[in-house]
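# Fold and contact review
Chain by chain, the residues:
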Amino acid sequence: MNLVRTTMLLAALTALFMALGFTIGGSGGALIALAVAGVMNLFTYWNADKIVLKMHGAREVDAGNCPELVGLVHGLARRANMPMPKVYVIDSEHPNAFATGRDPQHAAVAATTGLLAILDRDEIEGVMAHELAHVRNRDTLIMTMTATIAGAISMLANFGMFFGGGRDRDGGQVLATILAVFVAPFAAMIVQMAISRSREYGADRGGAEISGKPHALASALAKLANGAAHIPNPVAERNPAASALYIVPGFRRGGDSLFSTHPATENRIAQLQDIAREMGSLPAPARPLARTVPQHRAGAVSSVPKTRPRGSALDPNRRR
C-alpha cells in the first residue's frame, strides 16, 4: 500500500510540473517540463548521495578511525541482511542523522557530532537502524527525487512569474499563470510532506525490528526533537527541502500538520511503544559508547574514557 501511495504521489508531482509547464508555455511547455523532470530524476538517481553528503560537509569514517560507530552499523546491516553502507560523520552541533543513496548497494548513513554527543549506545543503534530501514525500503531515493521535482516546480513557478502569461492581453492566460505560480508550489510542498511523513512511520517500525530496541529509538527521538528545535541547522535553513531527509525535522515545525515534514514526535513515540508491547520488549539501562571520533583536522583524534558518566562517548568535544 505504501508503494502504491508513493507512486501515486510522485505521479502527482510530475503531473503538477507538466501542468505548470503547459500553463506557461502551452503543449510545448508541458513536453519540455516532462523532459526536464526525466533528466533531473536520472541525474538525482546517480548522484543523490554525493549531492547530499557534500551539502552537509560529511566526512567518511571507517573501522580504523571510528571503530565502534562503524562496528555498530556493520552489526545492524548484518542483522538486516543488507550490504554494509558507507558511514559518515558531520561536524555540527545540530543533533540529527540521515541516509542517502539510490539503493542498498550504494547507500550511506550519516550522523552529526551533535547527535553522537547526546545519545547513548542503544539510542544511537536505534537511530542507525531507522536509517537502514529507510535504505531497505528505498525511501532515500524516493525522498530525494521528490525533493528535486518539488524544487523544480518552485523554480519553474518563479520563471513563470517573470516571463509567462504575456501573450494573452484579455487576461485569461495571465490569471492562469498567476494561479499556477502560487498553487503549484503549494501543492508540491503538500505532496512532498505527505510522502515524508508516511515514510518516517515505516522507518521507525523497521528500525525497531532491526535493532530490537524500540524503547531506545523512542528515547532517541525525544532527545533529538528537543535538541533540533533549539540548535540551528544552517543546511536546512539554506535548503528547507533537506529537512525531509533527517530523522527529525531540521528546524522546528508543528508535527502531523499539513505543513510538517515529519509526524509529531509524540505520535512516533506512541507507535514505538505499541511496537515494544508487540515485541515484548522492555527498556534497557543506558549504555555509553567508548570509542574515538576523528576531528575534521587531519590526524586529530580525541577519545572519551569508558567511565564517562552520561551522554555518548562519540562526542569529540568531550562535553558533559
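Throughout what follows, the structure given in this document is the object of discussion. Note that the coordinates shown come from a computational prediction; the quantities given were computed from them, not determined experimentally. (Residues numbered from 1 in each chain as written. Predicted model: local features only at pLDDT ≥ 70, side-chain atom pairs only at ≥ 80, totals over all residues. Heavy atoms only, no water.)

## A short note on the sheet that holds strand β2 (residues 86-90)
So the rule is basically this: Between any two strands, pairing holds if DSSP finds at least two bridges. Helix and strand definitions here come from DSSP, where helices need a minimum of 4 consecutive H or I residues and strands a minimum of 2 consecutive E residues; each element is numbered from the N-terminal end. Working convention: axes come from line fits to C-alpha atoms, limited for helices to the stretch in contact. Angles between N-to-C directions cover 0 to 180 degrees. Every residue pair with non-hydrogen atoms within 4.5 Å of one another is taken to be in contact.
Pairing is mixed in the open sheet, where four strands are placed in the order β1-β2-β4-β3. Whereas interior strands pair on both sides, the edge strands pair on one side only; in this sheet they are β1 (59-61) and β3 (97-100). Neighbour-to-neighbour, the strand axes of this sheet turn through a mean angle of 30°, independent of strand direction. Running over the sheet, helix α2 (residues 67-79) touches β1, β2 and β4 (108-112) and is turned about 135° from β2. Contacts from helix α4 (residues 121-136) reach β3 and β4, with the element oriented near 25° to β3.

## Some remarks on the nonpolar core
Heads up, the condition is: Throughout, nonpolar core names a set of buried Ala, Val, Leu, Ile, Met, Phe, Trp, Tyr and Cys residues whose side chains join them through atoms within 4.5 Å. A simple rule labels every residue: compare its accessible area, found with a 1.4 Å probe on the protein chains alone, to the largest value its type can have, and call it buried under 20%, exposed over 50%, or partly exposed in between.
Ranked by internal contacts, the top residues of the largest apolar core, which has 41 residues, are Leu69, Leu115, Ile124, Val127, Met128 and Ile247. Core analysis: the second largest hydrophobic core is formed by 15 residues, Val52, Ala108, Ala110 and Ala244 among them.

## A few points about the packing of α2 against α4
Rules: Orientation labels follow simple angle bins: below 35 degrees gives roughly parallel, above 145 gives roughly antiparallel, 65 to 115 gives roughly perpendicular, and whatever is left gives oblique. Definitions for this section: a left-handed crossing has its near helix turned counterclockwise from the far helix by less than a right angle. A right-handed crossing has that turn clockwise.
Direction vectors running N to C along α2 and α4 enclose 50°, while the axes themselves pass 10 Å from each other. Between α2 and α4, the angle falls in the class oblique. As α2 packs across α4, the resulting crossing turns out to be right-handed. Listed contacts from α4 to Glu68, Leu69, Leu72, Val73, Leu76, Ala77 and Arg79 of α2 are Arg121, Ile124, Glu125, Met128, Ala129 and Leu132.

## Notes on the side chain of threonine 112
Stated precisely, the cut-off is as follows: Distance and chemistry together define a polar contact, namely a pair of N or O atoms within 3.5 Å, with one atom able to donate a hydrogen and the other to accept it when in protein, and with adjacent residues in sequence counting only for side-chain atoms on both sides.
With respect to the secondary-structure elements, threonine 112 resides in strand β4. In this structure the side chain of threonine 112 is engaged in a polar contact, spanning 3.1 Å, whose partner is the backbone nitrogen of leucine 115. Once you skip the residues sitting within four places of it in the chain, threonine 112 turns out to touch Ile90, Ser92, His94, Pro95 and Asn96.

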